[in-house]
Amino acid sequence: MSGRAIGLQPARIRAIGMAPIGTRWLEIVGAWMLGLIWVLPLLYAVWTAFHPAAYATRFDLFAPLTLHNIQLAWEAAPFARYFLNTTILVTLILVAQFVLCTPAAFAFARMEFPGRDFVFAIVLLQLMVMPDVLLVGNYRTMVHLGLVDTILAIALPYLGSAFGIFLLRQTFRMVPQELDDAARLEGCSLLGRLWRVYVPLAKPTYIAYGLVSVSYHWNNFLWPLVITNSVTTRPLTVGLSIFASTDQGIDWSIITAATLMTSGPLLIAFLLFQRQFVQSFMRAGIR
Amino acid sequence: MTIRNQMNESGADVRLHGVARSWGATTALSGISLHVRAGSFCVLLGPSGCGKTTCLRIVAGLEQASAGVVEIGGRDVTALPPAQRGVAMVFQSYALFPHLTVAENIMFGLKARSVPKPDRLRRLDRAVEILGIGHLLARRPGQLSGGQQQRVALGRAIVAEAPVCLMDEPLSNLDAQLRAEMRREILALQRRLGITMLYVTHDQTEAMGMADQVVLLRDGRVEQDAPPADMYSRPATSFAASFIGTPPMNLLKLSHEGMVPGTGGPVLGPPRAAATLAGIRPEALRLSDHGIPAEVTHAEYLGADTVMVCSVGAEGRLLARLPGRVAIADGALVHFDFGPADLHLFDAATGHRIPQPA
Ligand SMILES: Nc1ncnc2c1ncn2[C@@H]1O[C@H](COP(=O)(O)OP(=O)(O)O)[C@@H](O)[C@H]1O
Ligand SMILES: [Mg+2]
């Protein structure tokens, strides 16, 4: 009896162990494939941008490196101004979102008022509306407000964010009630508690959400394209597309150089703070 | 010495008049009235869910009473916000702010109240000296052991220099040894500062060891409000009797003749029409050749004494705590005797104590 049971064990262990090893290999190969597919255009862009135009479609390990394309691209369009516009835009949106979402999330998380859940449901409904659907409506509103072709107009539709409210509400709800009570007992006002207890404890969420927001609005294209029509308001994405389509014909070297240049800061920032970002995402519960 | 001179605090009276609290259909407190004298140590004792925390939070102002009045230091504070009531509080989970250092945690309230910096540091120094946590000031709560977190929480209560300190099961997250140590420390602290303490626990040994006054709660009502010695020697109800003591008081149901059913005597209580409970503390019983007949089911030797579990009559169970080591085989028949003053009688239906002719 016992002998047979023992005899069976190695086989069973192998049988149990085999399946995970098999799927593990599949997972690893799959991950590499996905990674490669994702990084290929980027690699091509890097290759083309830093080599003379002659090598744009030809691979030669010893092709001469050059920064000439970057220089040409930089001079071909007012990219400095576009950088400034985009920076103003994402900063404006980020600050406004933090300032507006924080009290809203706090109210939904910790205050009791009639209709709270109903109002929150309405806020959540906003998550299901694709921003592009509202393009025409938003444009009309901006015309009424006399804001067409301003940076504020690009930002305005995004200042109140249902996603931000939802995320911060979840985080605030996880703050132990006793911490709130302790602060109340020590004489903190409502805003004092929000500022000294809830906001510091939600820091990982702010970082994670901030990253999502900045990268989304750094890359946002359609709405800025519709609402802007001058150099002083255009963000990088719109500037880049105009530059790539009309001004230059199809010179891949310069286009890729300009593309790398415009997405570079975001890429570098992400690589630098990669670990913090990933940790923040884990802690904030977005994956 | 110098520390004592700097102190401007001392306790304040705390009074509750008919305080009640309910949430919809659940009633947590129904008409609690009690008086805690200035500078005394009052323990709110009771099983889980009896309303202790609710009561404490109402005194703190963190919870609003549905009815009744709370007075602190002779002032009606029922409508005042927590910060204006002159109370400090130590929470069950310590409620330390994880993003702040120990020093910042302790001075949190002083900063929120804009106490000037020199004053803040003076109070911090004093609390640190009392609690011996000087080496921890730069750490964060996550880097502290349970006992150290407890000390920091006490520190935050000390620097508030409030006349009343509220504690909600502050020792329940500590291991047994540390708990005994902190118990002594909290008591010494309360005596030293002279503050009024309102302390919540479900552990009757804590209550007996620390309190000047024990308020026993049950289902949102005061079951008994008495000094620990009185609560032990004259429990007002069978519930109080069965809640206090290790092991708690034996309660034996008596027949109409006043005997334990299934035994031939002795007569424990007077013949009564209503059902009666006889209560005898395990430590009041002694082995004898007469008295209550019992059969030993099992004996537990605890070092200083032996707890003997016995069955009496048809369905009665009796615990006896006998000094030293008592070697009696399981199944043996013994008799227990006790002094006349050690017998307590309760009405089985209402639980109330039946007065006995002295
Ligand atoms: N915020 C609340 N909402 C509804 N019921 C509550 C609330 N707080 C406490 N209770 C109820 O009140 C009763 C007493 O609770 P509590 O004071 O926490 O008891 P204890 O601290 O003695 O264990 C419990 O039945 C509990 O369910
Ligand atoms: Mg409790």
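About the criteria used
- Residues numbered from 1 in each chain as written.
- Chains lettered and ligands numbered in written order.
- Predicted model: local features only at pLDDT ≥ 70, side-chain atom pairs only at ≥ 80, totals over all residues.
- Heavy atoms only, no water.
- Helix = DSSP H or I, 4+ residues; strand = E, 2+ residues; numbered from the N terminus.
- Buried < 20%, exposed > 50% of the residue type's maximum accessible area, 1.4 Å probe, protein only.
- Areas by Shrake-Rupley, 256 points an atom, 1.4 Å probe, with all protein chains shown as cover.
- Disulfide = S-S within 2.5 Å.
- Near = heavy atom within 4 Å.
- Polar contact = N/O pair within 3.5 Å; in protein donor to acceptor, adjacent residues only side chain to side chain.
- Nonpolar A, V, L, I, M, F, W, Y, C, P; charged D, E, K, R; others polar.
- Pairing = 2+ DSSP bridges.
- Axes fitted to C-alpha atoms, helices over the stretch in contact; angles between N-to-C directions.
- Core = buried A, V, L, I, M, F, W, Y, C linked by side-chain atoms within 4.5 Å.
- Contact = heavy atoms within 4.5 Å.
- Arc of directions from axis to C-beta.
- Buried area = accessible area lost by both parts, 1.4 Å probe.
- Salt bridge = Lys/Arg side-chain N within 4 Å of Asp/Glu carboxyl O.
- Parallel < 35°, antiparallel > 145°, perpendicular 65-115°, else oblique.
- Left-handed = near helix turned anticlockwise from the far one by under 90°.
- pLDDT = per-residue confidence, 0-100.

**A few points about the overall build of chain A**
Across its full length, chain A carries 14 helices and zero strands. Overall, chain A shows an N-to-C arrangement of helices and strands of α-α-α-α-α-α-α-α-α-α-α-α-α-α. Expressed as a percentage of the 287 residues in chain A, the buried residues total 38%. A total accessible area of about 16,900 Å² is found for chain A, and carbon and sulfur atoms account for 72% of it.

**Brief notes about the state of the cysteines**
Residues and elements named next belong to chain B. For the structure on display, the rule yields zero disulfides over all chains. Of the cysteine sulfurs around Cys42, a residue in no disulfide, the closest is that of Cys55, at 8.7 Å. Overall, the relative accessible area of 0% leaves Cys42 in the buried class.

**Regarding the site of ligand 1**
Residue and element names in this part refer to chain B. Around ligand 1 sit Trp23, Ala28, Pro47, Ser48, Gly49, Cys50, Gly51, Lys52, Thr53 and Thr54, and that is every residue in its neighbourhood. At 2.7 Å from an oxygen atom of ligand 1 is found a main-chain nitrogen or oxygen belonging to Gly49. One of the side-chain N or O atoms of Thr54 is found 2.5 Å from an oxygen atom in ligand 1. Compared with its free state, where it exposes 570 Å², ligand 1 has 58% of that area covered by protein. A per-element tally of the shell around ligand 1 places helix α2 (residues 52–60) first, with three residues. Across the shell around ligand 1, the residue classes tally to four nonpolar, five polar and one charged.

**Quick word on the sheet that holds strand β7 (residues 164–168) of chain B**
Residue and element names in this part refer to chain B. What the six strands build is an open sheet, ordered β6-β7-β8-β3-β9-β10; its pairing is mixed. This sheet does not close on itself; its edge strands, each paired only once, are β6 (87–90) and β10 (221–226). Neighbour-to-neighbour, the strand axes of the sheet open up by a mean angle of 20 degrees, direction not taken into account. Here β6 pairs with β7 via four bridges, running parallel. Directly across from Val87, in β7, lies its bridge partner Val164.

**Some details on the nonpolar core**
Membership of the largest hydrophobic core comes to 57 residues, with the highest contact counts inside it found for Phe172 of chain A together with Ile72 and Leu166 of chain B. With sequence-adjacent residues up to four places away left out, Ile72 of chain B is seen in contact with Ala12, Asp13, Val14, Val59, Val77, Arg85, Val87 and Val164 of chain B. Formed by 51 residues, the second largest nonpolar core is a distinct cluster that contains Phe41, Val43, Ile130 and Phe239 of chain B.

**Comments concerning the pairing of strand β2 (residues 26–36) of chain B**
All names here are of chain B. Pairing analysis gives seven bridges linking strand β1 (residues 14–23) to β2, with the strands arranged antiparallel. Within β2, the residue paired with Ser22 across the bridge is Thr27. Joining the antiparallel neighbours β1 and β2 is a turn of two residues, in which Gly24 adopts a positive phi near 55 degrees.

**A few points about helix α4 (residues 116–125) of chain A**
Along an α-helix, a turn takes 3.6 residues, which lines up residues three or four apart on a common side. Residues and elements named next belong to chain A. What α4 keeps buried is the set Arg116, Phe120 and Val123. When α4 is viewed along its axis, its buried side chains cluster within an angular range of 55 degrees and face the same direction. Those residues of α4 that are exposed and angled more than 90 degrees off the buried face are Phe118 and Leu125. In this structure, the buried side of α4 is in contact with α3 (79–110) and α7 (162–173).

**Some thoughts on the interface of chain A and chain B**
Of the residues lining the interface, 14 residues belong to chain A; the matching set on chain B comes to 24 residues. For the pairing of chain A and chain B, the buried interface totals around 1,700 Å² over both sides, and the portion due to carbon and sulfur atoms is 64%. It is Glu178, Leu185 and Glu186 of chain A in chain A that bury the most area against chain B; as a group they hold 43% of the surface buried on that side. For the pair chain A and chain B, the number of links is two salt bridges. The partner of Arg156 of chain B in a salt bridge is Glu186 of chain A, and the shortest N-O contact between them spans 3.8 Å. In this assembly, chain A and chain B are joined by six residue pairs in polar contact (both at pLDDT 80 or more). Sorting elements by how many residues they give to the side of chain A that touches chain B places helix α8 (residues 177–185) of chain A first, with seven residues. When the residues that make up the side of chain A that touches chain B are grouped by side-chain class, the tally is eight nonpolar, one polar and five charged.

**Some points on the pairing of strand β4 (residues 67–72) of chain B**
Residue and element names in this part refer to chain B. Note: β1 against β4, five bridges, orientation antiparallel. Residue pairing for β4: Val14 is matched across the bridge by Ile72. Pairing of β4 with strand β5 (residues 75–76), which is carried by two bridges, proceeds in the antiparallel orientation. Along β5, the bridge assignment pairs Ile72 with Arg75. Connecting the antiparallel pair β4 and β5 is a turn made up of two residues, with Gly73 showing a positive phi of about 60 degrees.

**Looking at the sheet that holds strand β17 (residues 333–337) of chain B**
Residue and element names in this part refer to chain B. One open sheet accounts for five strands, arranged β13-β17-β14-β15-β16; its pairing is antiparallel. Where the open sheet ends on each side, the last strands, each with one partner, are β13 (286–288) and β16 (316–323). The mean angle between the axes of side-by-side strands here comes to 50 degrees, regardless of whether they run parallel or antiparallel. Direction of pairing for strand β15 (residues 305–312) relative to β16: antiparallel, over a ladder of eight bridges. Counted as the bridge partner of Val312 is Gly316 from β16.

**Thoughts on the environment of Ala12 of chain B**
The topology assignment puts Ala12 of chain B in the loop between α1 (2–6) and β1. For the pair Ala12 of chain B and Gly86 of chain B, spaced 74 residues apart in sequence, the C-alpha to C-alpha distance is 9.1 Å.

**A closer look at the packing of α4 of chain A against α7 of chain A**
Residue and element names in this part refer to chain A. With their axes 8 Å apart at the nearest point, α4 and α7 run at an angle of 130 degrees to one another. Of the possible angle classes, the one that applies to α4 and α7 is oblique. Regarding α4 and α7, the two cross each other, and that crossing is left-handed. For the pair α4 and α7, the contacting residues are Phe120, Val123 and Leu124 in the first and Ala162, Ile165, Phe166 and Arg169 in the second. A breakdown of the residues in the contact of α4 with α7 according to their chemical character gives six nonpolar, no polar and one charged.

**A short note on the confidence of the model for chain A**
All names here are of chain A. In the predicted model, chain A carries a mean pLDDT of 84, and the fraction of residues at 70 or more is 90%. Within chain A, the element-level pLDDT minimum falls on helix α1 (residues 2–49), averaging 71, and the maximum on α3, averaging 94. A low-confidence stretch, residues 1–17 stays under pLDDT 50, and its non-local contacts, those more than four residues away or across chains, total zero contacts.

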